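These are the residues of each chain, in order.
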Amino acid sequence: MKPAKFDYVLPSTVDAAVEALIAANGEGKVLAGGQSLLPLLNFRMARPAVLVDLNGIKGLSYIEDRGDRIAIGALTRHRELEHSPLIASRLPVMSAAMRHVAHLAIRNRGTIGGSLSHADPAAELPMLASFYEAGISVQGPAGRRTIAAEEFFVDALTNCLMPEEVVVEIEFPILKQDGWAFEEVARRFGDFALASIAVSIRRGPSGVEAARVAVMGVADTPLRLRKAEEELLATKLDDQTADRFSEIVVSQVSPNDDLHASAEYRRHLLAQLAKRALQTALAMNG
């Protein structure tokens, strides 16, 4: 298949990209890495009148330490995140998850801004944005605004961006943690996740004093499981903690049956992954 005819614009600034999208009158699409958009174009599932290519804009690819958060430019490639020492030391859950993102060729070209905008519920970066409570900065006709990750993802393959807005930067707050884990199951390594979970904990004198839990592949958007977090704060740590945690996690999701797995199978996978993830996180602190 070949894409339907479209006009092509290669702006050199974000302002020019926004202007091109305004001129497209809702018929424009943004090209970043192209790993999600190009298949849609080739199968004619997307038929934009104008394609606005961000790759001519300098200064949108970076990983920057800002003290209590890490800022990442929207055109930063997956491969850069995977191999960044700064990401490994400051955002270790992201570093672990990036190895599961698609395949090498896709990680070489795919961008964080493109992945977040595509909003696939079985993709790692949208879940990581929710897990870390990332702020997604976008620019449009009214200037720049920052959107909380949990508000950004509206439905499967649907975000809250206006047609004229472009993602420019994502800030990930750094978690104070002494234990963490990322677990995922896919049909083949590099495929989209059938189920996945990220866990972070900080322990205090009487048990877990802070927790973060997020899942993907089991709903139409990535999910932050606050009830599971609250349970970890309230529970006494013992040999049954991981089992109880697993049950609570599964109780918070309602996956659908699809061609890849039944809802029952996804719940079973998530239960096992949740148990393993918490055990790993707790073991890091002895």
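Nothing here was measured: the structure is a model prediction, and the numbers come from that model.

**Student:** Help me understand the sheet that holds strand β1 (residues 7-9) in this model?
**Tutor:** Sheet strands pair by backbone hydrogen bonding; their relative direction is either parallel or antiparallel. Reading across the sheet, the three strands line up as β1-β3-β2 and stay open at both edges, with parallel pairing between neighbours. In the strand order of this sheet, the two ends are held by β1 and β2 (28-31), each with one partner. Strand after strand, the sheet turns through a mean of 25 degrees between neighbouring axes, direction not considered. Relative to strand β3 (residues 50-53), β2 runs parallel, the two being bridged by four bridges. Considered in β3, the bridge of G28 is made with V50.

**Student:** Hey, could you run me through the pattern of salt bridges in this one?
**Tutor:** Summed over all chains, the structure comprises 19 salt bridges. Across the pair D238 and R244 runs a salt bridge, and its minimum N-O distance is 3.3 Å.

**Student:** Is there a simple way to think about the packing of aromatic side chains in this case?
**Tutor:** The geometry of an aromatic ring pair comes down to the distance between the two centres and the angle between the two planes. Tallying each qualifying case throughout the model produces three aromatic pairs. Ring centres of Y132 and F172 lie 5.9 Å apart, and the angle between their planes is 85 degrees; this geometry places the pair in the edge-to-face category. Here F172 lies in strand β10 (residues 166-173) and Y132 lies in the loop between α8 (124-131) and β6 (135-140), a separation of 40 residues in the sequence. In this structure, Y132 and F172 share a single accessibility class: buried. With centroids separated by 5.2 Å and ring planes inclined at 85 degrees, the aromatic side chains of F152 and F153 adopt a geometry described as edge-to-face. You'll find F152 and F153 in the same group, each marked buried.

**Student:** Is there a simple way to explain the sheet that holds strand β13 (residues 207-216) in this structure?
**Tutor:** Pairing is antiparallel across the open sheet formed by four strands, whose spatial order is β11-β12-β13-β14. In this open sheet, the two strands that pair with only one neighbour each are β11 (179-186) and β14 (223-224). Strands β11, β12 (193-204), β13 and β14 of the sheet are contacted by α8, whose axis makes an angle of about 150 degrees with β13. Running over the sheet, helix α10 (residues 226-234) touches β12, β13 and β14 and is turned about 160 degrees from β13.

**Student:** Please clarify how the packing of α10 against helix α11 (residues 241-251) should be interpreted in this entry.
**Tutor:** Two packed helices can be described by the angle between their axes and the distance between those axes. Closest axis-to-axis distance for the α10/α11 pair is 9 Å, and the angle between their directions is 155 degrees. Put simply, α10 runs roughly antiparallel to α11. In this structure, α10 meets α11 at a crossing whose hand is right-handed. When α10 is examined against α11, the residues K227, A228, E231 and L232 are found in contact with a partner set consisting of T241, F245, I248 and V249. For the contact of α10 with α11, the residue count by class is five nonpolar, one polar and two charged.

**Student:** Please clarify how helix α12 (residues 263-283) should be interpreted in this entry.
**Tutor:** Given 3.6 residues to a turn, an α-helix orients residues that are three or four positions apart in the same direction. Compared with an ideal rise of 1.5 Å per residue, which puts 21 residues at 30 Å, α12 spans 30 Å between its outermost C-alpha atoms and is within 8% of the ideal. Within α12 the residues assigned to the buried category are A263, R266, L269, L270, A271, L273, A274, A277, L278, A281 and L282. Elements in contact with the buried residues of α12: β11, β12, β13, α10 and α11.

**Student:** Looking at this structure, I do not really get the packing of α11 against α12. What am I missing?
**Tutor:** It is at 8 Å that the axes of α11 and α12 come closest, and there the two elements cross at 140 degrees. Classed by the angle they form, the pair α11 and α12 counts as oblique. In this structure, the crossing between α11 and α12 has a hand that is right-handed. Here α11 contributes T241, A242, D243, F245, S246, V249 and V250 to the contact with α12, which in turn contributes R267, L270, A271, Q272, A274, K275, L278 and Q279. Taken together, the residues of the contact of α11 with α12 break down into eight nonpolar, four polar and three charged.

**Student:** Please clarify how the nonpolar core should be interpreted in this entry.
**Tutor:** In summary, soluble globular proteins display a tendency toward joint burial of nonpolar side chains. Among the nonpolar cores identified, the biggest contains 39 residues, and M94, L116, Y132 and F172 are the most heavily contacted of them. Leave out the neighbours within four places in its chain, and L116 touches L125, P126, A129, I136, F152, F153 and I170. One finds V218, L225, L273 and L278 within the second-largest nonpolar core, a separate group that totals 28 residues.

Thresholds, definitions, all that
- Residues numbered from 1 in each chain as written.
- Predicted model: local features only at pLDDT ≥ 70, side-chain atom pairs only at ≥ 80, totals over all residues.
- Heavy atoms only, no water.
- Pairing = 2+ DSSP bridges.
- Helix = DSSP H or I, 4+ residues; strand = E, 2+ residues; numbered from the N terminus.
- Axes fitted to C-alpha atoms, helices over the stretch in contact; angles between N-to-C directions.
- Salt bridge = Lys/Arg side-chain N within 4 Å of Asp/Glu carboxyl O.
- Phe/Tyr/Trp six-rings, centres within 6.5 Å; stacked < 30°, edge-to-face > 60°.
- Buried < 20%, exposed > 50% of the residue type's maximum accessible area, 1.4 Å probe, protein only.
- Contact = heavy atoms within 4.5 Å.
- Parallel < 35°, antiparallel > 145°, perpendicular 65-115°, else oblique.
- Left-handed = near helix turned anticlockwise from the far one by under 90°.
- Nonpolar A, V, L, I, M, F, W, Y, C, P; charged D, E, K, R; others polar.
- Expected span 1.5 Å × (residues − 1).
- Core = buried A, V, L, I, M, F, W, Y, C linked by side-chain atoms within 4.5 Å.

Nothing here speaks to function; it is geometry throughout.
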